[in-house]
Amino acid sequence: MDITEVILNDHHEQRRMFALLDEMHEASPADLNAVWSRLRVLLEVHAKAEELLFYPELLTLGKGGDDAASPEEETSDAIHDHNEIRDAIAAVSKHATGSDAWWDTVGQVNEVNGDHMAEEEREGLSDFRRHASLELRHSIALAFSVFEAAHANGITGQDVDPDTYVQQHQ
Ligand SMILES: [Fe+2]
Ligand SMILES: [Fe+2]
């Protein structure tokens, strides 16, 4: 196992779930709720697992990626994005499922999450592949997968101040 592969696979599953919603514009609110609830859990648990298990190691071992000067910048960018994703997810629940406003806010989650995944893949994941051992990548992958299994029913997403996070994990 390799944490960079586990994260990539999660990202693919998130993209696949947004694609599924694209096919559901005529679907019932119950069906939409089923798919959205699952996607919400995937997004929130994935971000939390990264904050607990991936970014602390990146801060220690990273050297900066293609368009980030340092692991601190990569991490701060990511935590900032995770907050945007959590806030966009929270906004979805303010609207009736299947309403125009609901679809708009789901689209905003897709947009901020899509931008974030691309940056994370280009920065943190790339940096980690080049500077972390396969043994460490394996052990984090295991812990990450166990965390996701343990929280398969979801968590309460909570924003984290990016600067405080970086300071606490240096
Ligand atoms: Fe991610
Ligand atoms: Fe992330």
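Use the structure listed above.
Residues numbered from 1 in each chain as written. Chains lettered and ligands numbered in written order. Predicted model: local features only at pLDDT ≥ 70, side-chain atom pairs only at ≥ 80, totals over all residues.

Q: I would appreciate a short explanation of the overall build of the protein in the present structure.
A: Tallying secondary structure elements over the protein gives 6 helices and 0 strands in all. For the protein, the succession of helices and strands along the chain, N to C, is α-α-α-α-α-α. A globule of 170 residues ought to have a C-alpha radius of gyration of about 15 Å, and the protein, at 16 Å, matches this closely. Projected onto the principal axes, the alpha-carbon positions of the protein cover approximately 45 × 30 × 25 Å. Across the 170 residues in the protein, those meeting the buried criterion constitute 29%. Partitioning the intrachain contacts of the protein with sequence separation of at least 6 by distance along the chain shows that 77% fall at a separation of at least 24. (Helix = DSSP H or I, 4+ residues; strand = E, 2+ residues; numbered from the N terminus. Rg over C-alpha atoms; globule rule 2.2 N^0.38 Å. Buried ≥ 20, exposed ≤ 12 C-beta atoms within 10 Å, placed from the backbone. Contact = placed C-beta atoms within 7 Å.)

Q: I keep staring at the environment of T4 and nothing clicks. Help me out?
A: Looking at the secondary structure, you find T4 in helix α1 (residues 3-22). Along the primary structure T4 and R129 are separated by 125 residues, whereas in three dimensions their C-alpha atoms are 7.1 Å apart. Ignoring sequence-local partners within four residues, the contact set of T4 consists of L125, F128, R129 and R137.

Q: I would appreciate a short explanation of the packing of helix α2 (residues 29-61) against helix α4 (residues 100-131) in the present structure.
A: Put simply, α2 and α4 touch, their axes get as near as 12 Å, and they point 30° apart. In this view, α2 runs roughly parallel relative to α4, as classed from their interaxial angle. The chirality of how α2 crosses α4 is left-handed. Between α2 and α4, the residues in contact are W36, L43, L58 and L61 and V106, N113, G124, D127, F128 and H131, respectively. When grouped by side-chain class, the residues that make up the contact of α2 with α4 number 6 nonpolar, 3 polar and 1 charged. (Axes fitted to C-alpha atoms, helices over the stretch in contact; angles between N-to-C directions. Parallel < 35°, antiparallel > 145°, perpendicular 65-115°, else oblique. Left-handed = near helix turned anticlockwise from the far one by under 90°. Nonpolar A, V, L, I, M, F, W, Y, C, P; charged D, E, K, R; others polar.)

Q: It is not clear to me how the nonpolar core should be interpreted in this structure. Could you clarify?
A: A general trend in soluble globular proteins is that nonpolar side chains are found buried together. One finds I3, I7, F54, Y55, L58 and F144 to be the most contacted residues of the largest nonpolar core, which totals 17 residues. Every element with two or more residues in this core is listed here: α1, α2, α3 (71-92), α4 and α5 (134-150). Per element, the largest residue contribution to this core is 6 residues, and it comes from α2. In this structure, L58 is in contact with P71, E74, T75, G124, D127 and F128, ignoring residues within four places of it in sequence. Counting 9 residues, the second largest nonpolar core, distinct from the first, contains W36, I89, V92 and V109. (Core = buried A, V, L, I, M, F, W, Y, C linked by C-beta atoms within 7 Å.)

Q: What should I look at first to understand the environment of G64 in this one?
A: The residue G64 is located in the loop between α2 and α3 in this model. Classification of G64 by C-beta neighbours within 10 Å gives partly exposed; the count is 16. C-alpha separation for the pair G64 and F128, spaced 64 residues apart in sequence, amounts to 9.1 Å. When neighbours within four sequence positions are excluded, G64 is seen to be in contact with A69, S70, P71 and D127.

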